[in-house]
Number of protein chains: 2
Amino acid sequence: AASTTGPNGEKRYEVGRMRYISVSEFKNKPYVNIREYYDDKGVEKPGKKGISLSLEQWQKLKTFVDQVDNDLKKY
Amino acid sequence: AASTTGPNGEKRYEVGRMRYISVSEFKNKPYVNIREYYDDKGVEKPGKKGISLSLEQWQKLKTFVDQVDNDLKKY
């Protein structure tokens, strides 16, 4: 799927209405952000609802995908 | 990896210090939560930092894993 560019130049992938996963850099370290944006006078800005994962946390999260999917099976 | 049980009986997988991915149910619908917890007098409680994804948003997020990993390659 295609990416779009956010207000801070970040490459974003839309996971839902105004919600994106993106990679950003802070103090020379990469973060994976899963975050809701909001409309500020026509400009989309990253909001408070969300989390920024370190590279290590992102790698760890990926190891749980199968288990989470299994937990979701009952729905 | 092993899961632990959170304060609301939720099955959690630890992605980092006090950060977990878990599945919860709200109004008969499942949500995938990626959230930071905090210590409230010895009891871990889910905090404000985090996001709760609908099943649809979670499924969408998974389709972007490879692209996000590719964006992380430059680090």
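Residues numbered from 1 in each chain as written. Chains lettered and ligands numbered in written order. Predicted model: local features only at pLDDT ≥ 70, side-chain atom pairs only at ≥ 80, totals over all residues. Heavy atoms only, no water.

Asks: Please explain the nonpolar core as it appears in this structure.
Replies: Grouped together as the largest cluster of nonpolar side chains are 28 residues, with contacts concentrated most on Ile21, Trp58 and Val68 of chain A together with Ile21, Trp58 and Val68 of chain B. Once you skip the residues sitting within four places of it in the chain, Ile21 of chain A turns out to touch Lys11, Arg12, Tyr13, Val15, Val32, Asn33, Ile34 and Trp58 of chain A together with Leu61, Phe64 and Val68 of chain B. (Core = buried A, V, L, I, M, F, W, Y, C linked by side-chain atoms within 4.5 Å. Buried < 20%, exposed > 50% of the residue type's maximum accessible area, 1.4 Å probe, protein only. Contact = heavy atoms within 4.5 Å.)

Asks: When you look at unusual backbone geometry in this model, what are you seeing that I'm missing?
Replies: Backbone geometry at Lys27 of chain A places phi at a positive 50 degrees, although glycine is not the residue there. One non-glycine residue with positive phi stands out, namely Met18 of chain B, at about 60 degrees.

Asks: I tried to follow the relation of the copies chain A and chain B on my own but got confused; where do I start?
Replies: Comparison of the two chain copies shows a relationship of rotation about an axis with a shift along it. Each copy superposes on the other: chain A lies on chain B with an RMSD of 0.0 Å after a rotation of 180 degrees and an axial shift of 0.0 Å. These values place the two chain copies in the arrangement generated by a two-fold rotation axis. Considering only C-alpha atoms, the part of chain A nearest the rotation axis is Gly50 of chain A, at 2.3 Å. Most of the interface of chain A is mirrored in chain B, where 100% of its interface residues are also at the interface. (Least-squares fit on C-alpha atoms with pLDDT ≥ 70 in both.)

Asks: Please explain the interface of chain A and chain B as it appears in this structure.
Replies: As a measure of interface size, the accessible area lost when the parts come together is often cited. Contact residues are listed per partner, giving 35 residues for chain A and 35 residues for chain B. Around 3500 Å² of area is buried between chain A and chain B when both sides are counted, 68% of it from carbon and sulfur atoms. Across the chain A-chain B interface, the total number found is four salt bridges. Ionic pairing is found between Lys62 of chain A and Asp69 of chain B, a salt bridge with its closest N-O pair at 2.7 Å. Here chain A and chain B share 17 residue pairs in polar contact (both at pLDDT 80 or more) between them. A breakdown of the residues in the side of chain A that touches chain B according to their chemical character gives 18 nonpolar, six polar and 11 charged. (Buried area = accessible area lost by both parts, 1.4 Å probe. Salt bridge = Lys/Arg side-chain N within 4 Å of Asp/Glu carboxyl O. Polar contact = N/O pair within 3.5 Å; in protein donor to acceptor, adjacent residues only side chain to side chain. Nonpolar A, V, L, I, M, F, W, Y, C, P; charged D, E, K, R; others polar.)

Asks: What exactly am I supposed to notice about the packing of aromatic side chains here?
Replies: What describes a pair of aromatic rings is the distance from one ring centre to the other and the angle between the planes of the rings. Scanning all chains against the criterion turns up four aromatic pairs over all chains. On the numbers, 5.2 Å between centres and 25 degrees between planes, the contact of Tyr13 of chain A with Phe64 of chain B is stacked. Of this pair, Tyr13 of chain A sits in strand β2 (residues 11-16) while Phe64 of chain B sits in the loop between α1 (55-62) and α2 (65-72), which puts the two residues in different chains. For the residue pair Tyr13 of chain A and Phe64 of chain B, the accessibility class agrees, reading buried in each case. Note on Tyr20 of chain A and Tyr37 of chain A: the rings are 5.0 Å apart at their centroids and 75 degrees apart in plane angle, and the pair reads as edge-to-face. Of this pair, Tyr20 of chain A sits in strand β3 (residues 19-26) while Tyr37 of chain A sits in strand β4 (residues 29-40), and the two are 17 residues apart along the sequence. This pair shows no difference in class: Tyr20 of chain A is buried, exactly as Tyr37 of chain A is. The residue whose ring lies beneath Arg12 of chain B is Tyr20 of chain B, and the NZ or CZ to ring-centre distance is 3.8 Å. (Phe/Tyr/Trp six-rings, centres within 6.5 Å; stacked < 30°, edge-to-face > 60°. Helix = DSSP H or I, 4+ residues; strand = E, 2+ residues; numbered from the N terminus. Lys NZ or Arg CZ within 6 Å of the ring centre and 35° of its normal.)

Asks: Looking at this structure, how should I read the pattern of salt bridges?
Replies: According to the stated counting rule, one finds 10 salt bridges over all chains in the structure shown. As a salt-bridge pair, Asp71 of chain B and Lys11 of chain A come within 3.0 Å of each other at their nearest N and O atoms. Of this pair, Asp71 of chain B sits in helix α2 while Lys11 of chain A is found in strand β2, placing the two residues in two different chains.

Asks: What am I meant to see in the side chain of Arg12 of chain A here?
Replies: Residues and elements named next belong to chain A. Along the chain, Arg12 falls in strand β2. A polar side-chain atom of Arg12 sits 3.0 Å from a polar atom in the side chain of Glu44. Not counting chain neighbours up to four residues away, the residues in contact with Arg12 comprise Ser3, Thr4, Thr5, Gly6, Pro7, Tyr20, Ile21, Ser22, Tyr37 and Glu44.

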